[in-house]
Amino acid sequence: MAKAKNEKWDVVVIGAGPAGYVAAIRCAQLGFKTLCIDEWIDHAGDSSLGGTCLNVGCIPSKALLESSHLYQLARSDFEHHGIAMSSLDINVEAMLARKDKVVSDLTDGIRTLFKANGVSELHGRAKITALDTVVISDRKTRKKIKKVKAKNIIIATGSSPIRLQQAMIQDDYIIDSAAALELDKVPQRLGIVGAGAIGLELGSVWSRLGSEVVLLEAMKDFLPLTDRKLSNIAKRSLMKQGLDIQLNSRMIEARVKNNKVHVVYEDRNGEHKEVFDKLVIAVGRKPNSDRLFGEELGIETDERHTIMVNKKCQTSVPHIYAIGDVVRGPMLAHKGSEEGIMVAENIAGNNHAEVDYDLVPYVIYTHPEIAWVGKTEEECKNAGIKTNVGSFPFAASGRARAMAEIEGQVKIIADAETDRVLGVHIFSAQASELIAQAVLMMEMQATAEDMALTMFAHPTMSESMHEAALSVHGQAIHIKN
Ligand code: FAD
Ligand code: NAI
C-alpha cells in the first residue's frame, strides 16, 4: 500500500466504506490534502478498501443473489421459454469465487480512484487522541504506526452486526451475515434470526440454491417500514418461494449439539424447537464508535453508540464530522455516500450542500424486489395529510408479460391538495431501477400529473410507473380505474 508521506492534512477520513471513500475523493477533488485511514483485512490478510458494503455487504450479497437467481430460473423457468437442459448442477465453490472476484475488482477500483484523485491511504486502526490528532496503530499488534495532524476529521467507521446473548456466534454453526456469504456448501436447513433486509436477501440466496430456510422474526409486522399492502403481497410471494417467515417469534436459546444448531423460540402459541445445520444472526447492526476517541474530547454519542451529529453531520466538535452507519438515519450505503459529499462541500465553504433525508430510496433485493421512497399511506393518514393514491399491477404490463415477471405492482401516493408525489412503493422485478425515477421526480417536486404527462418508451417496466401516475386521477389506460 502507498505510504502516506505528509504528517499534516487538511482532512483525515477514518474509514474507507461508501461513506468514507466518497468523502475522501470529493475532499481531494475540492483541493484538500486528504488522508483516508482504514483497517479492513480481506481473506488473504491484505488491506481492502470499500468497508462493509464492498467486502461483506451490498456487493457480495448481490453477486450471490444474481447467481442463485440464474440457477432458480434455469431450474424452473427456462422450460417455459422452450429451453431444455439435460442436467443442471450448482458449483458453490465457483459461485463464491465469482463473488470474490467481483469484490476484489471493485475494492481494487477504489484504490485506483484514490490514486487518480490524489487521496493518500494508510492501513491501520485510527484513534482520535486530541481534537487535531489521529494516531494509527496496527490492528493486531496494536503497535503505533503513525501520528498525524488534521484540520478536519471525518469519522466514517461504519457498523458491525449486533450479537444476541441467547445465540452467541459459534464458528461454522451460529454465524453472522459475513459468514453466511461464505458457506462452501448448501445447508439442508438454514435458520435465520431476523427477517429484515439481510435475512430476506441471504435467505433468498440459500433457499434458491436448495436450503429449507426458516426466518424467526420478533416483530408482529413484516417489514414494518414498508407500505402495508405491498409488504403483505411481498410476504405471500416470498413464502410461496419457500421462505418460511415466522413473525412474532422470540428467540429463547440456540445451542450447538452433534453438529446441529438446536433452537428454542416462542410465539403466540407457546415454545417451539427447531434444528438447523446453520443459524444466521441478522438482527441489525450497531455503530462502530467504541475506542475511537476518549470522553475528554467531548464528541457525544447516544446509548446505542451512535455519534450525535447535526443536519450537516458535524459532531459536537465543529471540525470533526461523522457520516454513514455510525450516525443516525438508515444504515444504507448511498445515504452514507451522500453525507460524505455534503461534508466535503461544507468543509470547502459550500454551505448550501445538504442531504434530503426524506428522499432516501430503500431497496430489498429479493425477487421480485421491494423498493420505496417517501411516505406510506399510513404515515400520511397519521400526519393528517389527505391523499390520492394510484396503483398499477405488472400483470397488465406488456413488457412484464414478455419477461414473465407479472408479479407485483406500483403504488403512487400524491397530496390531494397539491398533487405533489409524497411516496412511491414498488414490488416487482427491477424495482431497484424503477425507484430511481420516483426519487428524481420527488427531488424535482413533481406532481402525479407531471409524471402522467411524461412519455415512456414501450414496452418497458417503467410504463407501469406512468400508468400508476395516471391512475392517481382515475385515468389509467390499461386497467379499469
Ligand atoms: P462501512 O462500510 O462499515 O465502512 C467502515 C470502514 O471503517 C470499514 O472498512 C472499517 O474497517 C473501517 N474502520 C472502522 N473503525 C476503524 C478505525 N478505528 N480505524 C480505521 N478504520 C476503521 N446497503 C445498501 O445501501 N444496499 C445494499 O444492498 C446493502 N446490502 C448489505 C448487505 C449486507 C450483508 C450488509 C451487512 C450490509 C448491506 N448494506 C447495504 C449496508 C451497507 O453495507 C452499509 O450501510 C454501508 O457499508 C455503510 O457504509 P459506511 O461507510 O458508513 O461504513
Ligand atoms: P434490519 O434492521 O433490516 O432487520 C433486523 C430484523 O431483526 C428486524 O426485523 C428486527 O425486528 C429483527 N430482530 C431484532 N432482534 C431480534 C430477535 N431477538 N429475534 C428475532 N428478530 C429480531 O437489520 P439487518 O437485516 O441485520 O441489516 C442491517 C442493516 O444493513 C440494515 O439497517 C439495512 O439497512 C442494511 N442492509 C441493507 C440492505 C439493502 O439496502 N438492500 C441489505 C442488507 C442490509
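Residues numbered from 1 in each chain as written. Chains lettered and ligands numbered in written order. Predicted model: local features only at pLDDT ≥ 70, side-chain atom pairs only at ≥ 80, totals over all residues. Heavy atoms only, no water.

**Student:** Any chance you could explain a negative patch on the surface here in plain terms?
**Tutor:** On the surface, Glu93, Asp171, Asp172 and Asp184 cluster together into a negatively charged patch. With respect to the secondary-structure elements, Asp171 resides in the loop between β7 (159-161) and β8 (174-175). Exposure remark for Asp171: the relative accessible area of 68% places this residue in the exposed category. (Patch = residues over 30% accessible without salt bridge, like charges linked within 9 Å, V, L, I, M, F, W, Y side chains within 5 Å. Areas by Shrake-Rupley, 256 points an atom, 1.4 Å probe, with all protein chains shown as cover. Salt bridge = Lys/Arg side-chain N within 4 Å of Asp/Glu carboxyl O. Lys, Arg positive; Asp, Glu negative; His and termini not counted. Charge placed at Lys NZ, Arg CZ, Asp CG, Glu CD. Helix = DSSP H or I, 4+ residues; strand = E, 2+ residues; numbered from the N terminus. Buried < 20%, exposed > 50% of the residue type's maximum accessible area, 1.4 Å probe, protein only.)

**Student:** Hey, could you run me through the pattern of salt bridges in this one?
**Tutor:** Pairing between side chains of opposite charge can happen when their charged atoms approach one another. Throughout the structure, instances matching the rule amount to 21 salt bridges. With its nearest N and O atoms 2.5 Å apart, the salt bridge here joins Arg125 to Glu39. With a gap of 86 residues between them, Arg125 in strand β4 (residues 125-130) and Glu39 in the loop between β2 (34-38) and α2 (51-56) connect regions that are remote in the sequence. Three or more residues joined by partner-sharing salt bridges are found here, namely Lys99, Asp100 and Glu182.

**Student:** Which parts of the structure should I look at to understand the environment of Val92?
**Tutor:** Mapped onto the elements of the fold, Val92 is located in helix α4 (residues 92-117). Separated by 177 residues in sequence, Val92 and Asn269 place their C-alpha atoms 38 Å apart. Once residues lying within four places of it in the same chain are set aside, the contact partners of Val92 are Leu183, Asp184, Lys185, Val186 and Trp206. (Contact = heavy atoms within 4.5 Å.)

**Student:** Is there a simple way to think about helix α11 (residues 431-443) in this case?
**Tutor:** Quick reminder: α-helices carry 3.6 residues per turn. Residues three or four places apart thus point the same way. Taking 1.5 Å as the rise per residue, α11 with 13 residues should run 18 Å; its terminal C-alpha atoms sit 18 Å apart, in good agreement. Buried within α11 are the following residues: Ala431, Ser432, Leu434, Ile435, Ala438, Val439, Met441 and Met442. Taken around the axis of α11, the buried residues stretch over an arc of 165°, which confines them to a single face. The exposed set on the far side of α11, more than 90 degrees from its buried face, consists of Glu433 and Leu440. On its buried face, α11 sits against β18 (362-364), β19 (369-374), β22 (421-428), α12 (448-452) and α13 (463-472). One or two residues past the end of α11 sits Gln445, with phi positive at roughly 55°. (Expected span 1.5 Å × (residues − 1). Arc of directions from axis to C-beta.)

**Student:** Can you walk me through the sheet that holds strand β14 (residues 270-276) in this structure?
**Tutor:** Where strands meet in a sheet, backbone hydrogen bonds hold them as pairs that are either parallel or antiparallel. Pairing is antiparallel in the open sheet, where three strands are placed in the order β12-β13-β14. On the outer flanks of this sheet lie β12 (250-257) and β14, each paired with one strand and no other. Averaged over all adjacent pairs, the angle separating strand axes in this sheet is 20°, with direction ignored. Two elements, β12 and strand β13 (residues 260-267), share seven bridges in a ladder whose sense is antiparallel. Within β13, the residue paired with Met251 across the bridge is Tyr265. (Pairing = 2+ DSSP bridges. Axes fitted to C-alpha atoms, helices over the stretch in contact; angles between N-to-C directions.)

**Student:** It is not clear to me how the side chain of Lys99 should be interpreted in this structure. Could you clarify?
**Tutor:** Relative to the elements of secondary structure, Lys99 occurs in helix α4. Among the residues examined, Lys99 registers a relative accessible area of 2% and is labelled buried. Excluding residues within four positions of it along the chain, Lys99 makes contact with Pro60, Ala63, Leu64, Leu181 and Glu182.

**Student:** Mind showing me how you'd approach the site of ligand 1 here?
**Tutor:** In the neighbourhood of ligand 1, 37 residues make up the surrounding shell, with Asp38, Thr52, Lys62, Ala126 and Asp325 lying closest. Contact between ligand 1 and Ala19: an oxygen atom at 3.0 Å from a main-chain N or O atom of the residue. At 2.8 Å from a nitrogen atom of ligand 1 is found a main-chain nitrogen or oxygen belonging to Ala126. Summarising the interface, the protein chains cover 93% of the accessible area of ligand 1, which totals 1000 Å² for the free molecule. Mapped by element, the contributors of at least two residues to the shell around ligand 1 are α1 (18-29), β2, α2, α3 (58-76), β4 and α8 (333-347). Examining the composition of the shell around ligand 1, we find that four residues originate from one element, α2, more than from any other. (Near = heavy atom within 4 Å. Polar contact = N/O pair within 3.5 Å; in protein donor to acceptor, adjacent residues only side chain to side chain.)

**Student:** Sorry if this is basic, but what is going on with the sheet that holds β8 here?
**Tutor:** Strand order in the open sheet formed by five strands is β8-β15-β9-β10-β11, and the pairing between neighbours is parallel. The open sheet has two edge strands, β8 and β11 (243-246), and neither has a second partner. Of the pairings in the sheet, the one linking strand β10 (residues 212-216) to β11 comprises four bridges and is parallel in character. When the sheet's bridge partners are listed, Leu216 is paired in β11 with Gln246.

**Student:** Where do I start with the site of ligand 2 in this structure?
**Tutor:** Taken together, 19 residues lie around ligand 2, and Ile198, Glu201, Glu217, Gly284 and Val363 are the ones closest in. Measuring from a nitrogen atom of ligand 2, one finds a side-chain N or O atom of Glu201 at 2.7 Å. A distance of 2.6 Å is found between an oxygen atom of ligand 2 and a side-chain nitrogen or oxygen belonging to Glu217. Alone, ligand 2 offers 840 Å² of accessible surface; in the complex the protein occludes 74% of this. Per-element accounting of the shell around ligand 2 gives the leading share, three residues, to helix α6 (residues 197-208). In terms of residue class, the shell around ligand 2 is made up of 13 nonpolar, three polar and three charged. (Nonpolar A, V, L, I, M, F, W, Y, C, P; charged D, E, K, R; others polar.)

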